[in-house]
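Structural characterization, general
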Amino acid sequence: MWVPGVGLLSRLMLSALTRAGRFCILKSGAVRLMDVPAGNRRGLSDYYPHLMPSVGFGKSSSRVYRCRSETKRYITSPRVAETLVRILRGKRKSCQLFLECNPGPGILTRALLESGAKVVALESDETFIPHLKSLGKKVNGRLEVVYCDFFKLDPRSRGILTPPVMTSDMLFQYLGIEAQPWSKGAPLKAIGILPPKNERSALWKLLHDLYSCTSIYKYGRLELNLFITEKECRKIMANPQNPGLYQALSVLCQIACGIKLLHTESLEQNLCFIQLTPHRNLFTGTLTPFNYDVFFHMLRQCFMKRNAKLIDHLHSLSPIDAMHILKQIKKNKDVKVIDMYPEDFQHLFETIECSKDDNYKWLYDDFMEDVII
């Protein structure tokens, strides 16, 4: 049983973007620290830091961080907010805890509070903070407003951090939230909209954090409820029946989480409201927070040539006899990467990791870099 945050080592992430170079062999488990119902709606408008309750979503050209302008979306329609609260809360009257990411004008914040929930509003634009704090005057301490950007928690390039950028430890310690064993339920729910311009990199970072039990997942199996574009939603839910969309991201998301499409909003591009709940049994087998990056590498290597036969990839992934591996996972020699379902890839990884035929399990490119793509 894994307890998030206890005794986990700080590790570099392995990339599958290999380049020409010599290969080295690592022993098993070793990691090298390198030299839904749809409600079609419209209402997207340019959004600046003032209230516009008549539309569904708003866009804001936010503050400039690291010399780069960022655009954020906010929920600005009471109708949309009430729909989300009805989906997330149902008929519950208990005081559930929600982390609301970049609430902006606080339309959803107000709806959550009116439902009896407790809300921690993580807002990255100081313009909204006074108004958000004013919402908490009559709710008996059920609203906490923090100047913080949820999607920039635990940046990979550390140094001196200044709000809204901070570590999850700083945030959770301030809120008095303690780490929960992975076997327990979600300690809280997070709700937000993925940043439009770096949606994909945000998803990759969340996956790295989840599989390594670091950042927010150091505190347990946090449930994420996020608006993402329909394009990315279709990718993370794809399988061999959708070969054009199926990719490493699809496999990693489905192995790690239960994924539910809860709602859609039709704007200039469709937005899907999805729920990502980490599986309780994610780390009960061979896959662990200590070897997850080997799993990432295997998938990225395979999907670099998705139409190739799996056996061709196995020769560059492992020194173990490829036909022997295929026999163990009950696949024929002509099976292609895009024919493999997520559970098939997990079985492949476990088979190689547990192999007793060789002292060495995996091959690595000597020039792989520590990057998240």
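Position numbers for residues start from 1 in each chain and track the written sequence from start to end. Only residues with pLDDT of 70 or above have their local features reported here, since the model is predicted, and side-chain atom pairs are shown and tallied only from 80 upward, although totals for entire chains, interfaces and linings are computed over all residues. Values reported for side chains reflect all heavy atoms of the structure, with hydrogen atoms and water molecules removed beforehand.

You'll find the chain entered in an unreviewed UniProt entry as rRNA adenine N(6)-methyltransferase, with Neophocaena asiaeorientalis asiaeorientalis given as the organism. UniProt positions are given in the numbering used here, feature names are shortened, and annotations may be inferred rather than shown by experiment. Turning to the chain, the UniProt annotation filed under Subcellular location (unreviewed entry) states: "Mitochondrion".

All right, on to the pattern of salt bridges then. Here, a salt bridge means any Lys or Arg side-chain nitrogen found within 4 Å of an Asp or Glu carboxyl oxygen. What the rule picks out here adds up to nine salt bridges. We note a salt bridge from Glu-223 to Lys-189, for which the minimum N-O separation is 2.9 Å. Here the residue Glu-223 occupies a position in strand 9 (residues 223-229), and Lys-189 occupies one in strand 8 (residues 189-193), the gap between them amounting to 34 residues. Its relative accessible area of 7% is what places Glu-223 among the buried residues. Counting from the N terminus, the helices are the DSSP runs of H or I reaching at least four residues and the strands are the DSSP runs of E reaching at least two. Summary of the burial criterion: residues with accessible area below 20% of their type's maximum are buried, those above 50% are exposed, and those between are partly exposed, where the area comes from a 1.4 Å probe applied to protein chains only.

Attention now goes to helix 7 (residues 248-256). Counting buried residues along helix 7, eight of its nine residues qualify, which places the element largely inside the surrounding structure. Among all positions of helix 7, only Ala-248, Leu-249, Ser-250, Val-251, Leu-252, Cys-253, Ile-255 and Ala-256 are buried. It only takes one pair of heavy atoms within 4.5 Å for two residues to be counted as in contact. Buried residues along helix 7 sit in contact with helix 5 (199-212), helix 6 (230-236), strand 10 (257-265), strand 11 (271-278), helix 8 (292-303) and helix 11 (342-353).

Quick look at the pairing of strand 5 (residues 97-101) now. For strand 5, the buried fraction is high: five of the five residues fall into the buried class. Here strand 5 shows two buried faces, one formed by Leu-97, Leu-99 and Cys-101 and the other by Phe-98 and Glu-100. At least two DSSP bridges between two strands are required for those strands to pair. Taken together, the five bridges between strand 5 and strand 6 (residues 118-123) define a ladder with parallel strand orientation. Each bridged residue has a counterpart across the sheet, and for Leu-99 the counterpart in strand 6 is Val-120.

Throughout this description, the term nonpolar core refers to a set of buried Ala, Val, Leu, Ile, Met, Phe, Trp, Tyr and Cys residues connected via side-chain atoms within 4.5 Å. Counting residues in each nonpolar core, the largest one holds 77 residues, and the members touching the most others are Phe-150, Tyr-211, Phe-295 and Phe-345. In terms of residue count, helix 8 provides more of this core than any other element does, eight residues in total. Annotation comment: domain bounds sourced from an automatic or database domain assignment. The residue makeup of this core includes at least three contributed by each of domain 1 (78-278) and domain 2 (291-354). Excluding anything up to four places from it in sequence, Phe-345 contacts Tyr-246, Val-251, Phe-295, Met-298, Leu-299, Cys-302, Phe-303, Val-337 and Met-340.

Read across the open sheet, the seven strands follow the order 7-6-5-8-9-11-10; overall the sheet is mixed. Of all the strands in the sheet, the pair left with one neighbour each is strand 7 (143-147) and strand 10. Neighbour-to-neighbour, the strand axes of this sheet turn through a mean angle of 20 degrees, independent of strand direction. Sheet analysis places strand 9 next to strand 11, joined by six bridges and oriented antiparallel. Paired with Asn-225 across the bridge in strand 11 is Gln-275. An axis is simply a line fitted to the C-alpha atoms; with a helix, the fit covers only the stretch in contact. Between two such axes, the angle follows the N-to-C directions and lies from 0 to 180 degrees. Contacting strand 9, strand 10 and strand 11, helix 5 runs over the sheet at an angle of about 160 degrees to strand 9. Sheet strands in contact with helix 7 are strand 10 and strand 11, and its direction is about 110 degrees off that of strand 10.

When you line up the elements, Met-304 lands in the loop between helix 8 and helix 9 (310-317). Judged by its relative accessible area of 44%, Met-304 falls in the partly exposed class.

For strand 11, a buried count of seven out of eight residues is recorded, marking the element as mostly surrounded by other parts of the structure. Both strand 10 and strand 11 contribute to a ladder of eight bridges, which runs antiparallel. By the bridge assignment for strand 11, His-263 is matched with Phe-273.

This brings us to the UniProt feature "binding site: S-adenosyl-L-methionine" (unreviewed entry) in the chain. When the UniProt feature table is mapped onto this chain, "binding site: S-adenosyl-L-methionine" (unreviewed entry) is found at Ile-75, Glu-123 and Asp-149. The topology assignment puts Ile-75 in strand 4 (residues 68-75). Inspection of the secondary structure assignment puts Asp-149 in the loop between strand 7 and helix 4 (168-175). Residue classification places Asp-149 among the buried positions, given a relative accessible area of 3%.

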